[in-house]
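An overview of the molecular structure
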Amino acid sequence: MAKLKIGGVWNGMLEVELKTWMIPMLREEVAKRSNCNPNFINLISIGKILKDGDDQHNLIQLGIKNNAKILATRICVEQSKAIKKEIIGEEERSRRLARVKAAATALAERHVDGLLPVEDFNIEVEDQSGKKVKLGSETDQRAIMMGLMLDANGKRLIRQGKYKDALEVLTMGEETFSLCDPKALELIDNIPILQINMVWCYFMIRDISLLSEAGKRLEMAREGLERASGKNYLRLRLLQGGRYPELAMHLRLELLEGVVAYYSGRLERGRAALISAQAKFEQLQVSDESLSLVMSMGFIERDAKRALRMSNQDLEAAINFLFEDKAKKEQKQKEDIQRRNEIWEQKLYGMTPLKKAVDLQRLKELVSVGFGREVAAEALRRNENDIQKSLDDLTNPETNSVLQVHIESRKRKRQEQAIDSSIEILGQTGFERSRVVAAFEAGDNIFQAMQRLMAERKADPNMQPEANSTAAPSGSASSSSPLPYNASVGDVEGPSNLSTAQKRDVEMENELSADMAESDALADYDIEVNIEGEAITEYLSLVESAAGSSGKEKEENDSIE
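Residues numbered from 1 in each chain as written. Predicted model: local features only at pLDDT ≥ 70, side-chain atom pairs only at ≥ 80, totals over all residues. Heavy atoms only, no water.

Quick word on the pairing of strand β3 (residues 41-45)
- With four of five residues buried, β3 lies mostly within the body of the structure.
- The pairing of β3 with strand β4 (residues 48-50) spans three bridges and is classified as antiparallel. Looking at β4, one finds that Leu 43 is bridged to Leu 50. (Buried < 20%, exposed > 50% of the residue type's maximum accessible area, 1.4 Å probe, protein only. Helix = DSSP H or I, 4+ residues; strand = E, 2+ residues; numbered from the N terminus. Pairing = 2+ DSSP bridges.)

Structural notes on the packing of helix α3 (residues 138-159) against helix α5 (residues 190-204)
- Look at α3 against α5: their axes get within 11 Å of each other, and the N-to-C directions meet at 35 degrees. Between α3 and α5 the crossing geometry is left-handed. Mapping the contact onto sequence places Leu 148, Asp 151, Lys 155 and Ile 158 in α3 and Asn 190, Leu 194, Asn 197, Trp 200 and Cys 201 in α5. (Axes fitted to C-alpha atoms, helices over the stretch in contact; angles between N-to-C directions. Left-handed = near helix turned anticlockwise from the far one by under 90°. Contact = heavy atoms within 4.5 Å.)

Side note on the packing of aromatic side chains
- By the definition in use, this model includes six aromatic pairs.
- Note on Tyr 262 and Tyr 263: the rings are 5.0 Å apart at their centroids and 65 degrees apart in plane angle, and the pair reads as edge-to-face.
- Clustering of aromatic rings is evident, with ring pairs tying together Trp 200, Phe 203, Tyr 262, Tyr 263 and Tyr 539. (Phe/Tyr/Trp six-rings, centres within 6.5 Å; stacked < 30°, edge-to-face > 60°.)

Here we look at the confidence of the model for the chain
- Mean pLDDT over the chain stands at 80; residues scoring 70 or higher make up 79%.
- Taking the mean pLDDT of every element in the chain, the minimum, 43, falls on helix α19 (residues 497-502) and the maximum, 94, on helix α9 (residues 267-283).
- A low-confidence stretch, residues 467-502 (pLDDT under 50), is modelled with 51 contacts involving residues beyond four sequence positions or located in other chains. (pLDDT = per-residue confidence, 0-100.)

Observations regarding α9
- Here α9 is 17 residues long and its end C-alpha atoms lie 24 Å apart, about the 24 Å a rise of 1.5 Å per residue gives.
- Among the residues of α9, Leu 267, Gly 270, Arg 271, Ala 273, Leu 274, Ala 277 and Lys 280 are the ones counted as buried. (Expected span 1.5 Å × (residues − 1).)

Concerning the sheet that holds β4
- Pairing in this open sheet of five strands is mixed, and the strands run β2-β1-β5-β3-β4 from one edge to the other. Since the sheet does not close on itself, it has two edges, and those belong to β2 (12-16) and β4, each with one partner. Direction aside, the axes of adjacent strands within the sheet are offset by 35 degrees on average.
- Contacts from helix α1 (residues 23-34) reach β1 (2-8), β2, β3, β4 and β5 (69-74) within the one sheet, and its direction differs from that of β3 by about 120 degrees.

Overview of the packing of helix α10 (residues 288-295) against helix α11 (residues 301-310)
- One way to put it is that α10 packs onto α11 with a least axis distance of 9 Å and a crossing angle of 120 degrees. As far as their axial angle goes, α11 and α10 are oblique. Here α10 and α11 pass one another in a crossing that is right-handed. Residue-level inspection shows Ser 290, Leu 291, Val 294 and Met 295 of α10 in contact with α11, the latter providing Glu 301, Ala 304, Lys 305 and Leu 308. (Parallel < 35°, antiparallel > 145°, perpendicular 65-115°, else oblique.)

A few points about the environment of Phe 177
- Structurally, Phe 177 is set in helix α4 (residues 163-177).
- Looking at Phe 177, the relative accessible area reads 1%, which means it is buried.
- The spacing of Phe 177 and Arg 142 is 35 residues in sequence and 9.8 Å in space, taken between C-alpha atoms.
- Every residue in contact with Phe 177, bar those within four places of it in the chain, is listed here: Ile 144, Gly 147, Leu 148, Leu 185, Ile 191 and Leu 194.

Written out as structure tokens, the structure is:
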């Protein structure tokens, strides 16, 4: 048994088992001895409040040793409620963070190059000009995709003002990017921008304890931006046709460098960084006249401001940028629709033994030399997209026949699945199962079967719905069953997509996907700088004040000497 020295609402020695006791047990014992409600007891050790949220660790794991001093204080009802609310908030934040990480991991796993995603979209990496790129090995691609999703989610949380949550998500993103081969990341600007945003979160939650860490991150961010965008952003400007997309992000970087320098006592360096940031802030201010002219051409205020800022206030360049951006978005929309259709086609063909999708480019090559699309796809699926082995199977009469038989078998199975699903749907609307089956055996599809059954019911008013049917009330609809054609998504060659979907956190995955969909090649540089402008003024004043005090102190010391 170990002994703890308790002071405050109760004074004395308390014998405890450090390896088995947890905070709730210790709180309960102190409350019992002080005749207090445990909910109104606050325990403090080495300046740290011991919370019930630490109940997954014993006292030793929390750093409490034999003869440790514990201060027990009584808290009022309002304080108790506030602490309880804070603990619940921390628990909720931890659960959400775990969900974000799990969903990002699952999405990255499903969308890595060559794998068949469950969704009808795909996640792809683009460079600063908006062109799709492939980076490194599958492991690198998986880590990069996951990092990008966490980065996008963190930026959304920043826009919502949830800086603490954003910091936790961005920290996970930074850790994920660190798993990649450094060479695969050299031309990616997301990582240095992520580091700047992490320091921005430090600044917004006013956490000065992270000052040294902030300085290191800003140094890495500056080096990373120069590596990815070229010295003085020359490479980025070339990709963007001479525009200035980097100004707002560079302003934030210099502001944060100035703040770090101020708190580190390097006043001259802080002043230089803040003055440079102030010049960029002024450069980013858009005149009402220019804004009105651009908006008069049908563009919304946010897009007009973005174009003018990135074009260094050049009206003609801004208007050209907006039309180019509109064309790019329309082209991207077409490509997204095409890719969505391709994914659905790949799902129809099923997965290869290694869970990869059929390569549609290689399928196109086989079809171009005269092979049927379905049989060529089946050959590629069986041979892991090896085009030579697929050709061998297709040109061999025996194996070609096997492929054809398998395709017909798969079609029959899908038809049976569709019919079974349709029978289930109509059965839930109150029709007798035997009559529903008879309607489909007559060769009807689901709509014809419904019309036939409704006609039979109208002709025979005595027909009653089945007693155990789950028909929806009149005027309402039931969405508990999938549409019949969804049955074709699952396939005989691999695990059903339905079973995969049941394990998914669809809500969180949709949130992450939406964060990715909202961004574009220049989204990272498109930030409002109102808060930055106020901070620049505030810290320039602080620097000048500190410099004046330092100079006055030096003069007094010189006069004493």
